[in-house]
There are 2 protein chains.
Amino acid sequence: MKIARPTLLLDKEKCWKNIQEMVLKAKKFDLKFRPHFKTHQSAGIGKWFKDFEVNSISVSSVDMAIYFFQNGWNDITIAFPFNQLEIDEVNKLAQQINLNVLLVSSGSIEFLKKNLKNKIGFYIEVDTGYHRSGIRAENINEFDSVLKQSKDIPLLDFKGFLNHSGNSYHAKSQKEISQIHHKSLQKMKELRSRYLSQFPQLELSIGDTPCCSLMNDFTGIDEIRPGNFVFYDVMQYRLGSCSIGQIAVTLACPVVAKNQELKEIIIYGGAVHLSKEYILQNGSKCFGYIVRLRKDGWEKPLKNTFIISLSQEHGIIKTTDEEFDKIHIGDIIGVLPVHSCLTANLMKQYLTLDEEIIPHMQKKC
Amino acid sequence: MKIARPTLLLDKEKCWKNIQEMVLKAKKFDLKFRPHFKTHQSAGIGKWFKDFEVNSISVSSVDMAIYFFQNGWNDITIAFPFNQLEIDEVNKLAQQINLNVLLVSSGSIEFLKKNLKNKIGFYIEVDTGYHRSGIRAENINEFDSVLKQSKDIPLLDFKGFLNHSGNSYHAKSQKEISQIHHKSLQKMKELRSRYLSQFPQLELSIGDTPCCSLMNDFTGIDEIRPGNFVFYDVMQYRLGSCSIGQIAVTLACPVVAKNQELKEIIIYGGAVHLSKEYILQNGSKCFGYIVRLRKDGWEKPLKNTFIISLSQEHGIIKTTDEEFDKIHIGDIIGVLPVHSCLTANLMKQYLTLDEEIIPHMQKKC
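Residues numbered from 1 in each chain as written. Chains lettered and ligands numbered in written order. Predicted model: local features only at pLDDT ≥ 70, side-chain atom pairs only at ≥ 80, totals over all residues.

## So, the overall build of chain A
Right, on to step 1. Along the backbone of chain A there are 12 helices and 21 strands.
Right, on to step 2. Its C-alpha radius of gyration of 22 Å places chain A within 12% of the 21 Å reference for a compact globule of 365 residues.
Right, on to step 3. Viewed in the frame of its principal axes, chain A has a C-alpha envelope of about 70 × 40 × 35 Å.
Right, on to step 4. Going through the 365 residues of chain A one by one, you find that 53% of them count as buried. (Helix = DSSP H or I, 4+ residues; strand = E, 2+ residues; numbered from the N terminus. Rg over C-alpha atoms; globule rule 2.2 N^0.38 Å. Buried ≥ 20, exposed ≤ 12 C-beta atoms within 10 Å, placed from the backbone.)

So, in structure tokens, the structure goes:
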């Protein structure tokens, strides 16, 4: 296939292996696997999980839940704070599938009591240190309040406690990731101990890619919900969650100009393709690593070569004298994205190495 | 209209006034106005420019040129380095409209000589200090080379010199913007003087919103190509390009949770809606200002209240004790985007205050 503009390439084999590895890990530790589909947002890629007998998923919006329901999924956790304004959609979905929502405080219980029409499960989100959303693990009064009030609502079925240790993304070392993971496990287990006699079926669900990829202790945990591992990306590579060879997507970009004086390469590939997510590389912003494309995939990243700035459609690559001379206007080069979820969301489709186009969920307009 | 999920609101009146103001400014200084449509990317909004007798536009990709051609525009400059890999599309477009492309070095001339099938205009991009793309203004050899080689190609019609002072976006003060502007004007005029005898028709085209909004000296300039002014945004407000009341878009977001301890509000509205563009506000990252919505628009931003972090779908707002108590779960609040071009590109449609839906160009899949 002729590539003429930014195109998100997907190495199906790498992706499939990433899925397999996480499936095996979940099996090894006797964990229920409820992968987060917010990364790929694709019915086509979703199907590959079915080959591994995965039947339950997480999503991050009601729209995404509807999309995957329409594509054959019927056990879905919307792992995002319950949005009262989408109650109609939630009621409708709950009539058709096993649907779980996330409560992050007692703030929506009264609302659900009045407006819920069909049975849904709910998890309480626990803030074990990320401080994004959820009830702080130590705030027992609030857990008591949610559980007490929800008991009066027959349509509301308490499933357990859920957390997302997103703070692992900011860790400086694997030791730090391990500390975050174990602290979070400890807090989750304490909560279960406290409420187990009242709710003997309650489950613990955790779900960030760094912890799920790197850790080997899931004592007491029932379910994992990683998402990013399906593709991984430069950020995960830097955290140690994956090898560089496991990154399953790269953005193919046309080289449109070269700046001889600055040893910079200008590509057609900008913030509307990659997103403005960056990592710091020797103190400078890096918006993606650069790889050479081959017919059967791509090579390892070029040394000392990465995107130093992005505007809407331009990407500027700083490189070495040696690589500069080898890259030509009219070439196509690959960019390993810093954050594959955001890149996939912008690109809205995948092109596999055997030239199959796999659609991504479209924006609901 | 019921708003239940992130929705990009457009105040048509503000937008219309922004257009009018720039049209009048162009008239006042006797400048050809070739607005950049990469910000709104919308046929519907494009039509409003026709009310002001604007007939020529700039775009940032071949896809966008095709989209606007299909929507009735027939004088288009693709203000992005010429991409050899899209020659077929360029040839096809050039057959139907007045098309200009951008050459940023002599690197594509040989290619065009061999492959160009229809007449196109071209500008040479001049790097007057932004250092993104273009020939450094002092690099006379390269200008000579482009102009000499292109003379042998009858289908290639030299239009003039074009620059984009994107460095104005990083200016710390209006004085600095003024310095950038005047330095760039000086360099452009020197180039014209040098080549005017050879090319008596050559034009000078400049095009960044801060300079076009703020400056009042365009001596020697023939054409302006600002884009962002159509909506403006928090970044432009901070640069002084606009008043806060001129920002014509806000992202309406459901409030889904409140964190009493941290005085934080959690909204449904994240990086997939706003983009991860930020400004620094007292040394901290700010991803958007917060406004209260009214039926006829929105108010001024709440004091000491802004988005401090974004993940894929979550936005976290830090606010004051007073405002915290006034915002409730289930409310809809507005976020003035830091970079409206990227937000519009993600949202893919606009909802006007009188509830008209205006589509944005979709991703070509």
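After presenting the structure, the write-up continues.
## Observations regarding the relation of the copies chain B and chain A
Right, on to step 1. For the match of chain B to chain A, the screw axis carries a shift of 0.0 Å, the RMSD comes to 0.0 Å, and the turn is 180°. Here the copies are linked by what is in effect a two-fold axis. Taking C-alpha positions as the reference, the residue of chain B nearest the rotation axis is B:Lys276, at 2.8 Å.
Right, on to step 2. With an isologous cut-off of 70% or more, the 100% of interface residues of chain B that recur at the interface of chain A puts this contact in the isologous class. (Least-squares fit on C-alpha atoms with pLDDT ≥ 70 in both. Contact = placed C-beta atoms within 7 Å.)

## Looking at the interface of chain B and chain A
Right, on to step 1. Listed as interface residues are 51 residues of chain B and, on the opposing side, 51 residues of chain A.
Right, on to step 2. Per-class residue counts for the side of chain B that touches chain A are 21 nonpolar, 17 polar and 13 charged. (Nonpolar A, V, L, I, M, F, W, Y, C, P; charged D, E, K, R; others polar.)

## Section: helix 12 (residues 340-347) of chain B
Right, on to step 1. Most of helix 12 of chain B is tucked away: eight of the eight residues are buried.
Right, on to step 2. Burial in helix 12 of chain B covers these residues: B:Ser340, B:Cys341, B:Leu342, B:Thr343, B:Ala344, B:Asn345, B:Leu346 and B:Met347.
Right, on to step 3. As for helix 12 of chain B, its buried residues are in contact with helix 10 (271-274) of chain A together with strand 1 (7-10), strand 11 (249-259), helix 10 (271-274), strand 19 (332-337) and strand 20 (349-352) of chain B.
Right, on to step 4. Once helix 12 of chain B finishes, B:Lys348 follows within two positions and takes phi at roughly 65°, a positive value.

## Structural notes on the confidence of the model for chain A
Right, on to step 1. Looking at chain A as a whole, the pLDDT averages 96, with 100% of positions reaching at least 70.
Right, on to step 2. Model confidence for the complex is summarised by a pTM of 0.97, with the ipTM given as 0.97. (pLDDT = per-residue confidence, 0-100.)

## Some thoughts on the domain arrangement of chain A
Right, on to step 1. Split by domain assignment, chain A resolves into domain 1 (74-226) and domain 2 (244-359).
Right, on to step 2. Using C-alpha coordinates to define each centre, domain 1 of chain A is positioned 37 Å away from domain 2 of chain A. (Domains from an automatic or database assignment.)

## Quick notes on the packing of helix 3 (residues 62-70) of chain B against helix 4 (residues 87-96) of chain B
Each pair of packed helices can be summarised by the angle the axes make with each other and by the distance between the axes.
Residue and element names in this part refer to chain B.
Right, on to step 1. The contact between helix 3 and helix 4 brings their axes to 11 Å, and the two run at 30°. What the angle tells us is that helix 3 and helix 4 run roughly parallel. In the packing of helix 3 onto helix 4, the handedness of the crossing is left-handed. Residue-level contacts link Val62, Ala65, Ile66 and Phe69 of helix 3 to Glu89, Val90, Leu93 and Gln96 of helix 4.
Right, on to step 2. When the residues that make up the contact of helix 3 with helix 4 are grouped by side-chain class, the tally is six nonpolar, one polar and one charged. (Axes fitted to C-alpha atoms, helices over the stretch in contact; angles between N-to-C directions. Parallel < 35°, antiparallel > 145°, perpendicular 65-115°, else oblique. Left-handed = near helix turned anticlockwise from the far one by under 90°.)

## Observations concerning the nonpolar core
Nonpolar side chains in soluble globular proteins tend to be buried together.
Right, on to step 1. Ranked by size, the top nonpolar core spans 224 residues in total, and within it A:Leu102 and B:Leu102 carry the most contacts.
Right, on to step 2. With sequence-adjacent residues up to four places away left out, B:Leu102 is seen in contact with B:Ile78, B:Ala79, B:Phe80, B:Pro81, B:Phe82, B:Phe122, B:Tyr123, B:Glu125 and B:Leu162. (Core = buried A, V, L, I, M, F, W, Y, C linked by C-beta atoms within 7 Å.)

## Brief notes about unusual backbone geometry
Right, on to step 1. In this model, A:Tyr232 sits at a positive phi of 55°, which is unusual for a non-glycine residue.
Right, on to step 2. Inspection of the secondary structure assignment puts A:Tyr232 in the loop between strand 10 (223-224) and helix 9 (234-239).
Right, on to step 3. Although it is not a glycine, B:Asn282 sits at a positive phi angle of roughly 50°.
Right, on to step 4. For B:Asn282, the position within the fold is in the loop between strand 13 (279-281) and strand 14 (284-286).

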